[in-house]
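Structure assessment
The residues making up each chain are set out below.
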Amino acid sequence: MNRQFLLTALFLLTSLGCNKLDTTYLSYRGESINGVRVFADILRDKGHIVDVWPSMRDQLYYGYDTIIILDHSHSHPSEELTAELLNHFEMGDAYEILYVGRDLDVTPHYWESIAQKLKETNQPEEAMKAMNEARQEMDSQMSRKSGDTDDENDPIIFTVKKNRTAIETLSQINLISFDEDAEEIEDEQESIEIDCDWRILRTMVPIEEAEILWKTNEDEPLLVAVYHDYMTIYGMSSAYPLLNGALTNPSNRNVVDELDNLFVPDGKIALVTSGRLLNSDNEDSQMWRLLKVFPHPWIVGQLFLFMIMFCLWKFPIFGRPRREEYQDLKRFGTHVEAFGDLLKLTRQRSFAIKKIREWKTRQSVTQRHGVKN
């Protein structure tokens, strides 16, 4: 309830122009309506340990039960990502990998909702502006290319095709119910319907080996599975019901609940917010890989120690104080005279004259013997 209230408050604030609407896709930090912070929090509430990674990397091979890859691409997994997934089949510890493709995001639906609320509050001009924003976002998303299948890159789970001229809104989806007490016989698998609010534009085309787990009422696949010896890879056509803005609708929580049934209970999940690979072309990766090679760590450590010693020598903060050169103290007489004037104002003239004479005596002795004080 608190999370839903906060997101609703966020939408209202942005509709009033208090903040610029954040629509960053798959953002984990911040308050993007297309982010995945709420999805990660729901998984944590279900007992999972969730680590969020911005890209695929070597650390994901070990220690995780489930890897969820949310891709920015409107196509199937890239050739590099496909090769990385095949490596996980052979060397990874994960029991299942969920690859989630990209179709529509929540932005057009958000502006439509804002326009509807503005109409209800008798603000026709503002409602018209919101509808214009919705149309622009809709046209922009419908014009994006889905990415045709490359013959040289065999799909590992599914491909996509754009065959709709209008966006379809799914209010219900059909899925196979996984009952632990049920026998694993395909004919006895029970199909159930759950409510949702899922908008789709593109169509998933699974490979022949894939089993359809979720589908629309027209038998169009939404979630498929390919079973390997030690790992299962799932393919989901769209991340729409997993985005922050979509999860304000309680019916989309049903989608997350059913998705969680596929994962290892209370397992450790790696949530990867892009299909990008962290490789040698990345400067940060190149630097860290360089430091892992002997004797580079020793060289860098010695240089760092030398810099610390140089700073301590140049700007000492410990040990004996630095010897400073003596300064000429002739100007100090003006301070003594000022002190005498001050005593004179306080009606202690005799004491002031005494102090001035003592100073002049010391000054004459210093000049006669050539000794500096």
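Here's what I pulled together on the structure shown here. (Residues numbered from 1 in each chain as written. Predicted model: local features only at pLDDT ≥ 70, side-chain atom pairs only at ≥ 80, totals over all residues. Heavy atoms only, no water.)

What follows concerns the overall build of the protein chain. Scanning the protein chain from N- to C-terminus turns up ten helices and eleven strands. The buried share of the protein chain, reckoned over its 373 residues, is 39%. Long-range pairs, those at least 24 residues apart, make up 70% of the contacts in the protein chain between residues at least 6 apart in sequence. Accessible surface, the protein chain: about 23600 Å² in total, of which carbon and sulfur atoms supply 52%. (Helix = DSSP H or I, 4+ residues; strand = E, 2+ residues; numbered from the N terminus. Buried < 20%, exposed > 50% of the residue type's maximum accessible area, 1.4 Å probe, protein only. Contact = heavy atoms within 4.5 Å. Areas by Shrake-Rupley, 256 points an atom, 1.4 Å probe, with all protein chains shown as cover.)

Another aspect to go through is the pairing of strand β2 (residues 66-70). The buried count for β2 comes to five of five residues, which makes it a mostly enclosed element. With burial as the criterion, each face of β2 is covered, one bearing T66, I68 and L70 and the other bearing I67 and I69. Where β2 and strand β3 (residues 96-100) come together, five bridges link them in parallel fashion. Note on β3: the bridge partner recorded for I68 is L98. As for the winding sense of the linkage, the β-α-β connection from β2 through helix α3 (residues 79-91) to β3 is right-handed. (Pairing = 2+ DSSP bridges. Right-handed = clockwise from strand over helix to strand, strands pointing away.)

This part is about the nonpolar core. Counting 45 residues, the largest nonpolar core has I68, W198, W214, M236 and L259 as the members making the most contacts within it. Residue contributions to this core peak at five residues, all from helix α2 (residues 37-45). The next biggest cluster of nonpolar side chains, apart from the first, holds 25 residues, and it includes L81, A94, I97 and M231. (Core = buried A, V, L, I, M, F, W, Y, C linked by side-chain atoms within 4.5 Å.)

Looking at the element boundaries, S237 is found in the loop between β10 (232-236) and α6 (250-260). Those residues in contact with S237 that lie beyond four places of it in its chain are G101, R102, D103, W198, M204 and L222.

On to the packing of helix α4 (residues 107-120) against helix α5 (residues 124-142), then. Where α4 contacts α5, the axes come no closer than 8 Å and their chain directions differ by 165°. Judged on the interaxial angle alone, α5 and α4 are roughly antiparallel. In this structure, α4 crosses over α5, and the sense of that crossing is left-handed. Across the interface between the two elements, T107, P108, W111, E112, I114, A115, L118 and K119 of α4 pack against E126, A127, A130, M131, E133, A134, E137, M138 and Q141 of α5. Grouping the constituent residues of the contact of α4 with α5 by class yields ten nonpolar, two polar and five charged. (Axes fitted to C-alpha atoms, helices over the stretch in contact; angles between N-to-C directions. Parallel < 35°, antiparallel > 145°, perpendicular 65-115°, else oblique. Left-handed = near helix turned anticlockwise from the far one by under 90°. Nonpolar A, V, L, I, M, F, W, Y, C, P; charged D, E, K, R; others polar.)

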